[in-house]
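A look at the structure
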Amino acid sequence: MKTPVYLDNAATTQVSPVVLDAMLPYFTEIYGNPNAVYSFAGEGAKAVSGARAAVAELIGARPEEIYFTAGGSESDNWALKAAAEAYAGKGKHIITSAIEHHAVLHTCEWLEKNGCEVTYLGVDGEGRVSPDELEAAIRPDTILISVMAANNEIGTIEPLREIGAIAQKHGVLFHTDAVQAFGHIPLDVDDLKIDMLSASGHKLNGPKGVGMLYIRKGVKIRSFLHGGAQERRRRAGTLNVPGIVGFGTAARLAHETMEDRRRRECELRDHLIARVLNEIPYTRLNGPAQERLPNNANFCFRFIEGESLLIRLDQAGICGSSGSACTSGSLDPSHVLLAIGLPHEIAHGSLRLTLSEANTPEEIDYTVDELKKIVSGLREMSPLYEDFIREQK
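The paragraphs below set out a description of the structure included in this document. (Residues numbered from 1 in each chain as written. Predicted model: local features only at pLDDT ≥ 70, side-chain atom pairs only at ≥ 80, totals over all residues. Heavy atoms only, no water.)

The next thing to look at is helix 9 (residues 241-279). For helix 9, built from 39 residues, the straight-helix expectation of 57 Å at 1.5 Å per residue is missed by more than 12%, its first-to-last C-alpha distance being only 49 Å. Measuring from the side-chain oxygen of the N-cap residue of helix 9 to the backbone nitrogen of Gly 243 gives 3.0 Å; that N-cap residue is Asn 240. (Helix = DSSP H or I, 4+ residues; strand = E, 2+ residues; numbered from the N terminus. Expected span 1.5 Å × (residues − 1). Polar contact = N/O pair within 3.5 Å; in protein donor to acceptor, adjacent residues only side chain to side chain.)

Turning our attention to the pairing of strand 3 (residues 93-97). Within a regular beta strand, the side chains point alternately toward one face of the sheet and then the other, so they alternate between its two faces. Across the 5 residues of strand 3, 5 count as buried, placing the element largely inside the fold. The alternating pattern of strand 3 places His 93, Ile 95 and Ser 97 on one face and Ile 94 and Thr 96 on the opposite face, and all of these are buried. Of the strand pairs in this sheet, strand 3 and strand 4 (residues 117-121) are connected by 5 bridges, and their pairing is parallel. Each residue of the ladder has a partner; that of Ile 95, found in strand 4, is Thr 119. This β-α-β element, strand 3 to helix 5 (residues 102-113) to strand 4, shows right-handed connectivity. (Buried < 20%, exposed > 50% of the residue type's maximum accessible area, 1.4 Å probe, protein only. Pairing = 2+ DSSP bridges. Right-handed = clockwise from strand over helix to strand, strands pointing away.)

What follows is about the pattern of salt bridges. All chains considered together, the criterion is met by 24 salt bridges. Asp 260 is the salt-bridge partner of Arg 263, the closest N and O atoms lying 2.4 Å from each other. Placement of both Arg 263 and Asp 260 in helix 9 is noted, with a separation of 3 residues, approximately one turn of the helix. We classify Arg 263 as partly exposed; its relative accessible area is 48%. Between Lys 373 and Glu 370 there is a salt bridge whose closest N-O contact spans 3.0 Å. On the criterion of helical spacing, the pair formed by Lys 373 and Glu 370 is a turn pair, its members being 3 residues apart in helix 13 (residues 361-380). A relative accessible area of 53% places Lys 373 in the exposed class. Among the residues examined, Glu 370 registers a relative accessible area of 16% and is labelled buried. One salt-bridge network, held together by shared partners, links Arg 275, Glu 279, Asp 365, Asp 369 and Lys 372. (Salt bridge = Lys/Arg side-chain N within 4 Å of Asp/Glu carboxyl O.)

Structure follows, in structure tokens:
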């Protein structure tokens, strides 16, 4: 088996050769500042416009509603902080979920320190927000609901249509962090009543360091970065033309290939899940069996610790994760797994494997074969597992 077997596509993806080829001229040949007035800059400006249209098309938006950023975390910060400032006259109450990415959760913590009130909704055992509980949490001073499109750790797809309808009914802005979902599942901002949406290029075979915030026309939101008139005076800074071109190309490819990719990834994902659950005892799948991202599988293995599991997998040439890439250096159990009701001792034994259309059935089978040996070996060293087996006898 050729290694590495890369199964951490929720953390980042390989840049597509088509995307790279599209970007290269904008480093060395068409390098003018697209905001300059001379004709040499026009080619860069034209390319940015094309990328904006491609990104907009993927979510049913208008090009003028797309604002390029440095990535999903900036987009989340912009949506929450600027909305809180712009709508402060109406109220200071925000609703989000307990399983959001830390780009949202930490921003909410900052807002709480600066006068806002935040309601953190719990989720069910599969990581799903209850629309009824969300509606019950709305107050006269609620200005914003921020619920992710799909969870980055356990892959749960949230009920966006119901949430959007509730937000519209009560006149509350609806923002969704769609970093994991963008380009992987269908999203239509009009159908789902989404007012703001965050996405990032490197999650769909585009480059790192570029993302976007969709802002529905008519939404009153302030600038986040100051110092220039770029992005229609809402986001200062010289545009990252190569990155934007790459993002737009990746969005176009994702739009064209989505159905085939979803079908292939679901087949690989379901094969992986079935083998793990059938062949490795005392294992649970985190998140729903079907209403999850096509490429996501997340497990907890009792009586072992996730970091040891990742080290052994790495030695076998397999790249996985214990949760969000942004917290992979932490020894604390995942806040997502705790939110769905898992005790600390089980949450510590988590493994996230996220696929791409480039993975093969042979790689999946190799991974499961190695995983079986690794889990068995780690359990043999666990006194807790030894006590458990003794009690079963």
